[in-house]
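Descriptive structure summary
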Amino acid sequence: MKLTLDAPLLVDSRSHESAKLGAFSWVATVDHKRIGLMYLWTALFFFLVGGVEALLIRIQLARPRMHFLSPDTFNQTFTMHGTTMIFLVVMPTLIGFANYFVPLMIGAVDMAMPRLNAMSYWLLPFGGLLLHFSFLTGGAPAAGWFAYTPLSETPFNSTQGMDYWALALLVLGIGSVAASINLIATVLTQRAPGLTIRRLPLFVWMNFINSFLIIFALPALNASVVMLLIDRQLDTHFFLPAQGGSALLWQHFFWTFGHPEVYIMALPAFGMISEVIPVFSRKPIFGYEFVAASTVAIGLLSFGVWAHHMFAVGMSDEANLFFAASSMLIAIPTGVKIFNWTTTMWGGSIRLTTSMLFAIAFLIQFVIGGLSGIAFAAAPIDWQLTDTYFVVAHFHYVLFGGSMFGVFAGLYYWFPKMSGRLLSEKLGKVHFWLTVIGFNLTFFVQHFLGMIGMPRRVYTYENLPYWALWNMLSTIGAFILGISALVLLWNMVASLRRGQPAGDNPWRAWTLEWATSSPPPPHNFDALPAVRGRRPLWDLAHPDQLDEPNAPAQPAPHAALDKNKVAMLAFIASEATFFLMLILAYVYYNVLSPTGRAGEALDVPKTAVFTVFLLASSGTLWLAERALERGRDLIFRAWLFATILLGAVFVAGQAREYWHLFQTGVTVNSSLFATAFFTLTGFHGLHVCVGLVALLVLLRLAALGDFRHSSAAVKNIGMYWHFVDVVWIAVFSVVYLRTL
Amino acid sequence: MKTPIRFWYLAAAVAAMGIALSPRLRFLADGYLFSAYMLQHLILQLAAPPLLLLALPPSGDGAPKLSLRAAAAFWAGGVGAMWIWHDPALCNAVLGSPALRLFQQASLVLAGLAFWWPVAGPRREWRLPPLLGIVYLFTACLGCTILGIVITFAPAELYSRYFHAAAAPLLFKEWALTPAADQRLGGLLMWAPACLVYVIGILGLLNRLYATPEFEPKTT
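Residues numbered from 1 in each chain as written. Chains lettered and ligands numbered in written order. Predicted model: local features only at pLDDT ≥ 70, side-chain atom pairs only at ≥ 80, totals over all residues.

**What to know about the overall build of chain A**
Each helix and strand counted, chain A has 23 helices and 2 strands in total. For chain A, restricting intrachain contacts to residue pairs at least 6 apart in sequence, the fraction spanning at least 24 positions comes to 82%. (Helix = DSSP H or I, 4+ residues; strand = E, 2+ residues; numbered from the N terminus. Contact = placed C-beta atoms within 7 Å.)

**Some details on the overall build of chain B**
Along the backbone of chain B there are 10 helices and 0 strands. Seen in sequence order, chain B has helices and strands lined up from the N terminus as α-α-α-α-α-α-α-α-α-α. Reported as C-alpha extents along the three principal axes, the dimensions of chain B are approximately 80 × 40 × 30 Å. A burial count over chain B gives 42% of its 220 residues as buried. Expressed as a percentage of contacts within chain B between residues at least 6 apart in sequence, the contacts between residues at least 24 apart total 82%. (Buried ≥ 20, exposed ≤ 12 C-beta atoms within 10 Å, placed from the backbone.)

**Things to note about the interface of chain B and chain A**
Contacts between the two partners involve 22 residues from chain B, matched on the other side by 22 residues from chain A. Contributions of two or more residues to the side of chain B that touches chain A are made by α7 (130–153), α9 (179–191) and α10 (193–211) of chain B. Its residues assigned to classes, the side of chain B that touches chain A comprises 18 nonpolar, 1 polar and 3 charged. (Nonpolar A, V, L, I, M, F, W, Y, C, P; charged D, E, K, R; others polar.)

**Focus on the nonpolar core**
Residues Ile273, Val276, Phe358, Ala409 and Ala585 of chain A together with Ile202 of chain B are the most contacted members of the largest nonpolar core, which totals 300 residues. The leading source of residues in this core is helix α7 (residues 202–234) of chain A, at 22 residues. Both domains that furnish three or more residues to this core are identified here as domain 1 (2–541) and domain 2 (585–739) of chain A. In this view, isoleucine 273 of chain A contacts Trp341, Ala359, Phe362, Gly406 and Ala409 of chain A; residues no more than four positions away in its chain are not counted. (Core = buried A, V, L, I, M, F, W, Y, C linked by C-beta atoms within 7 Å. Domains from an automatic or database assignment.)

**Points about the environment of asparagine 463 of chain A**
Residue and element names in this part refer to chain A. Assignment of secondary structure puts asparagine 463 in the loop between α16 (425–451) and α17 (467–498). Measuring from C-alpha to C-alpha, the distance between asparagine 463 and threonine 154 comes to 35 Å, with 309 residues separating the pair along the chain. Not counting the four nearest positions on each side in its chain, asparagine 463 is found in contact with Pro64 and Ala468.

**Re the domain arrangement of chain A**
Residue and element names in this part refer to chain A. Looking at chain A, the domain boundaries give domain 1 (2–541) and domain 2 (585–739). A straight line from the C-alpha centre of domain 1 to that of domain 2 covers 38 Å. The partner domain 2 presents 7 residues to the 10 residues of domain 1 that form the contact. Counting residues per element, the side of domain 1 that touches domain 2 draws most heavily on α7, which supplies 3 residues. The class makeup of the residues in the side of domain 1 that touches domain 2 is 5 nonpolar, 4 polar and 1 charged.

**Details of unusual backbone geometry**
Residues and elements named next belong to chain A. Cis geometry marks the peptide bond from threonine 149 to proline 150; its omega dihedral reads 0°. With respect to the helices and strands, proline 150 occurs in the loop between α5 (114–133) and α6 (161–189). In this structure, the amide linkage connecting serine 518 to the following residue, proline 519, adopts the cis form with an omega of -10°. Residue position: proline 519 is located in the loop between α17 and β2 (527–529). Of note, the phi angle at asparagine 524 is positive, near 75°, even though the residue is not glycine. Relative to the helices and strands, asparagine 524 resides in the loop between α17 and β2. Since 25 C-beta atoms lie within 10 Å of it, asparagine 524 is described here as buried.

**Observations concerning the packing of helix α21 (residues 633–663) of chain A against helix α22 (residues 672–703) of chain A**
Residue and element names in this part refer to chain A. Between α21 and α22, the shortest axis-to-axis distance is 10 Å and the interhelical angle comes to 155°. Comparing the axis directions of α21 and α22 gives the class roughly antiparallel. Between α21 and α22 lies a crossing of left-handed hand. Here Phe636, Arg637, Leu640, Phe641, Thr643, Ile644, Gly647, Ala648, Phe650, Val651 and Gln654 of α21 lie close against α22, whose contacting residues are Thr681, Gly685, Val688, Cys689, Gly691, Leu692, Leu695, Leu696, Leu698, Leu699, Ala702 and Ala703. Of the residues that constitute the contact of α21 with α22, the class distribution is 16 nonpolar, 6 polar and 1 charged. (Axes fitted to C-alpha atoms, helices over the stretch in contact; angles between N-to-C directions. Parallel < 35°, antiparallel > 145°, perpendicular 65-115°, else oblique. Left-handed = near helix turned anticlockwise from the far one by under 90°.)

**Considerations on the environment of phenylalanine 390 of chain A**
Residue and element names in this part refer to chain A. Along the polypeptide, phenylalanine 390 turns up in helix α15 (residues 389–419). Since 25 C-beta atoms lie within 10 Å of it, phenylalanine 390 is described here as buried. In this structure the C-alpha to C-alpha distance between phenylalanine 390 and glycine 450, which are 60 residues apart in sequence, comes to 4.2 Å. For phenylalanine 390, the residues in contact, after removing those within four places along its chain, are Leu385, His447, Gly450 and Met451.

**Concerning the packing of helix α10 (residues 288–302) of chain A against helix α12 (residues 331–345) of chain A**
All names here are of chain A. Their axes nearest at 8 Å, the elements α10 and α12 cross at an angle of 155°. When the axes of α10 and α12 are compared, the pair comes out roughly antiparallel. Handedness of the crossing formed by α10 with α12: left-handed. Here Phe290, Val291, Ser294, Ala297 and Ile298 of α10 lie close against α12, whose contacting residues are Pro333, Thr334, Val336, Lys337 and Asn340. Partitioned by chemical class, the residues of the contact of α10 with α12 number 6 nonpolar, 3 polar and 1 charged.

**Quick notes on the confidence of the model for chain B**
In this model, chain B carries a mean pLDDT of 89, and residues with pLDDT of at least 70 account for 96%. The ipTM, which scores confidence in the relative placement of chains, is 0.92 for this predicted complex, and the corresponding pTM is 0.95. (pLDDT = per-residue confidence, 0-100.)

**A short note on α10 of chain A**
Over its 15 residues, α10 of chain A extends 21 Å from the first C-alpha to the last, a length consistent with the 21 Å expected when each residue adds 1.5 Å. Burial analysis of α10 of chain A places 13 of its 15 residues in the buried class, which makes it a mostly covered element. (Expected span 1.5 Å × (residues − 1).)

**Some thoughts on the environment of glutamate 53 of chain A**
Position of glutamate 53 of chain A among the secondary structure elements: in helix α3 (residues 32–61). Setting aside residues up to four positions removed in sequence, glutamate 53 of chain A forms contacts with Thr77, Met80, His81 and Thr84 of chain A.

Structure representation (structure tokens):
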């Protein structure tokens, strides 16, 4: 039973375009597979860059009192290594795989919004360029990847490195949020008939959940780096304690992002493991529901425990107590997953392919990283070991031993689908063993180094007992790891040239990406098998042993969900988080601070009048939508025009207020109140202006007669406009009404 | 005969109410410890009502179809009650008047029942579909967390009713609590453990999503 997709039109236009454009077609492409590949190649490039940086660090630390790198160069190197590996390697790798495989695994033709997808990708190389451009401006950032203030502020980092760091992270953050909005819309609206939410392949499910983590966590980072940039560029004092700011607020804000980020870098790798282990154990995943639900639990808990990164900064004992307890809870859903993967292997006929070997090594090493993580959740242990090499060992076990091993498992598993050729198993096993040996040698000894007191981020050390020995072993391990990366590269290049052809389904796997050719055609599927369970290809091959015998053979299509509406709601959720951070910053400095007598300069009644204008614009827009639904085009345009007018009056009112404040000496760096005030209201004003542009575009399109039959675009822009108004209600209450 | 699970829900609900209204906790919450007041508040609104709803016999067999507007009202009732009763002025007023205190506690239970109705209510038609329910609980959790954070970081004299001479010897000397620590404890209770209630609710919804048969069994 086959469903034929209505695709020939798409094929024609795309292959025609590619032929005409040649190599430029890669720049112009909106094909999720090509974009996915570009993500992966870019990430591979930065993986080599970050790897070389790691080797430089290890050479400098190989012996005591080395002078290979100067202290400042050393600081730049570890900062760039961390930032590169997290934002330019692990995240793009995972998003790249999601880009390539989520649409294939749900039987879609492409992502929900292919052009947005291209934009998400192109922000990545440009973000990377911004970050590395800092080398040409007098020095790379040198304050560590979490850029603790006040070290990352101008008095202590006066080169432009930190500015480029902040700008690059902002660009990369926007790209990640856009990619996630797209993934959410894709999973919710582009699934093949029969592929219900509860039948999603676990890789898709985990990327789906992960996308929510990204749209809520990344805006917190964006807000933080925006505030840091304002500090550095406009000479303000958000995070400078000497001028009344708060260095601790940076830590809270950063880790609000930083802790979910740990899971953002782990969940998709969990998803890969959840695909690889069942296929190479020849058994369906054990306890699908538990794996899926524990993913949600991990995601939720990850937002509530960031303060465990701050046990040593002198929070209260009560706070330490609560965050120690809730951090330990994360061990439960993570442990559930480990048990499920292990039990999937139990009694299966295991095929030890390179992919499976990496998956098994992942299980063991991730457990080690998890155990040292539980140790850190106990505040007293954290006090002893924080900022030592024990931390370095811990997070490399999670991020390399976990995430990267998961990625390697996924790479050996999906490379044949992406290239049409199998990776060499012989070279693969060499790569695997070199990676396992190199990785464990590099990082296991760092546990000991941390326990005997070696602090992280020191550029050199004295010849204390055992320090030289463990450091030398770690350096040797790092070079073995470097060689293993070269073996992988060699394997990829050699296999691309003359690897064994893979065929459609070399592993006899069960998910939809294996139901098409390798590599898939531009339109993905010529024909899609009917989905009647979690393993469509199993059901196709074994009609007498269906996973869900009661499911209908010809599944009905899903209830239509508008992808633009879903995307707009996801976008609004991420914007709301951004504003929430700015509002919290304002509250922290002006409402909660006992000395704050904020806002005396504000003219509340006048602003109240302009507020009425803005709120009225929501009403007129609603009237416009109603007129459009009733087909009254002229009335629709009139109300739309009124909305724009009211919005413009509000913006003019805000400009007038700013002018008045400037006249009385209240500028962005005159006080903490002014800094927080201008940041918050300024970003809101910017959003109103963006909304006005969007409404003007609508008005123009309406004048051309584009909306005769559809009000969807108006509804979506309308949601954004109403959201901006709701944000203003919050801002007005917190900033203005409180001063009365 | 096996005791039905609903009996245990009822027992847990009664136990939760018993703890919240026990003389000791009330004594502490009414005049001595803000953290006790918070604990009481959380039990009355977040623990007892959902347990009570789960103890009711489920009815109806249609698909969930609560309107979004109604759900939004229930949500606003629950989160609103949580925020409003922690307004320092209102909180101080309530502590001074037994009648107002009674009204507050009743309103918390009612707001809790309304809030949990679309998730744990007995009538299936009046529930939210599981995925929307998850959004409902997640956003409420966010509202709760923000309030907890604000209370934790707020200046210590916020809930001034708890500052009086009688409290000092026992609480602050023998139990080594400071008023600031007491308030932080209260804020943290709302920030961390309260969120766990929502997480458990979300896991319950996922359980419901996966447990409901998607297709009618084949009739042969």
